[in-house]
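Below are the chains, spelled out letter by letter.
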Amino acid sequence: METKININLKDQSFDLEIRGASLNHVSNLSTIGQAVADNLKASLVLLGVEPKKADEGVNLLLQGKYDIQYILKGCLGEI
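In this report, we go over the structure that sits alongside the text. As the structure is a computational prediction, the values presented were derived from the model and not from experiment.

Things to note about the overall build of the chain
From N to C terminus, the chain includes 3 helices and 2 strands. Across its three principal axes, the chain shows a C-alpha extent of roughly 45 × 20 × 20 Å. Between the mean site of the 8 positive side-chain charges and the mean site of the 10 negative ones, the chain shows a separation of 3 Å.

Printed below as a string of structure tokens:
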């Protein structure tokens, strides 16, 4: 299964493309959330956020405690 994830921080959205997923392995789709989180962490690090801070921010986002704007403000100091 090949997954392609594009995150648009400005629009607070993501695009997800999955290729080669076997219908017998639909349960593998449960890992999509973690793949998006990993991609978001990598995107934040590329923007200059310290890896630990990016990890903490994404974890707070996944827990539903804060929205993406709050996380970006905390990680980048700007929006």
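Let's talk about the nonpolar core
If you look at the biggest cluster of nonpolar residues, it comprises 11 residues: Leu9, Ala37, Leu40, Leu44, Val49, Ala54, Val58, Ile68, Ile71, Leu72 and Cys75. Sorting the residues of this core by element identifies helix H1 (32-46), helix H2 (51-62) and helix H3 (68-76) as the ones contributing at least two each. Here the element with the most residues in this core is H3; it accounts for 4 residues.

As for the pattern of salt bridges
Taken as a whole, this structure holds 3 salt bridges when the rule is applied. A salt bridge links Arg19 to Glu17; its shortest N-O distance comes to 2.4 Å. The partly exposed category is assigned to Glu17, whose relative accessible area is 31%. The shortest N-O distance in the salt bridge between Lys41 and Asp38 comes to 4.0 Å. Note that Lys41 and Asp38 are positioned in helix H1 at a spacing of 3 residues, about one turn of the helix. Ionic contacts of the salt-bridge type, sharing partners, join the residues Asp38, Lys41 and Asp55 into one network.

Overview of a nonpolar patch on the surface
On the surface, Met1, Phe14, Leu16, Ile18, Leu23, Val26 and Leu29 cluster together into a nonpolar patch covering about 660 Å² of accessible area. Position of Met1 among the secondary structure elements: in the segment before strand S1 (2-8).

Re the packing of H2 against H3
H3 packs onto H2 with a crossing angle of 165° between their chain directions and a minimal axis gap of 10 Å. Taken together, the axes of H2 and H3 are roughly antiparallel relative to one another. Note on packing geometry: the crossing formed by H2 with H3 is right-handed. Judged by residue contacts, Lys53, Ala54, Gly57, Leu60 and Leu61 of H2 engage Ile68, Ile71, Gly74 and Cys75 from H3.

Here's the deal with the environment of Thr31
Mapping Thr31 onto the fold places it in the loop between strand S2 (13-19) and H1. Overall, the relative accessible area of 45% leaves Thr31 in the partly exposed class. Sequence spacing of Thr31 and Leu46 is 15 residues, and the spatial spacing of their C-alpha atoms is 23 Å.

The rules behind these values
Numbers given to residues run from 1 along each chain, matching the order in which its sequence is written. Note on the predicted model: pLDDT of at least 70 is required for a residue's local features to be given, and 80 or more for side-chain atom pairs to be given and counted; whole-chain, interface and lining totals, by contrast, use all residues. For the side-chain quantities, the full set of heavy atoms in the structure was used; hydrogens and water were omitted. Numbering of helices and strands starts at the N terminus; helices are DSSP runs of H or I of at least 4 residues and strands are runs of E of at least 2. We count Lys and Arg on the positive side and Asp and Glu on the negative side, and we leave His and both chain ends out. Positions of charges follow a simple convention, taking NZ of Lys, CZ of Arg, CG of Asp or CD of Glu. In this text, buried Ala, Val, Leu, Ile, Met, Phe, Trp, Tyr and Cys residues form a nonpolar core when linked through side-chain atoms within 4.5 Å. The cut-offs for exposure are 20% and 50% of the maximum accessible area for each residue type, with area from a 1.4 Å probe on protein chains only; residues under the lower value are buried, those over the upper are exposed, and the others partly exposed. We define a salt bridge as a side-chain nitrogen of Lys or Arg found within 4 Å of a carboxyl oxygen belonging to Asp or Glu. Only residues whose relative accessible area exceeds 30% and that take part in no salt bridge are eligible for patches, with like-charged residues grouped when within 9 Å of each other and nonpolar side chains (Val, Leu, Ile, Met, Phe, Trp, Tyr) grouped when within 5 Å. Only the protein chains shown count as cover for residues, and all accessible areas are computed by the Shrake-Rupley method using a 1.4 Å probe. The angle between two axes is taken between their N-to-C directions and runs from 0 to 180 degrees, where each axis is a line fitted to C-alpha atoms and a helix contributes only its stretch in contact. Throughout, the term roughly parallel applies to angles under 35 degrees, roughly antiparallel to angles over 145, roughly perpendicular to angles from 65 to 115, and oblique to all others. In a left-handed crossing the near helix is turned counterclockwise from the far helix by less than a right angle, and in a right-handed crossing that turn is clockwise. Any two residues having at least one pair of non-hydrogen atoms within 4.5 Å are treated as being in contact.

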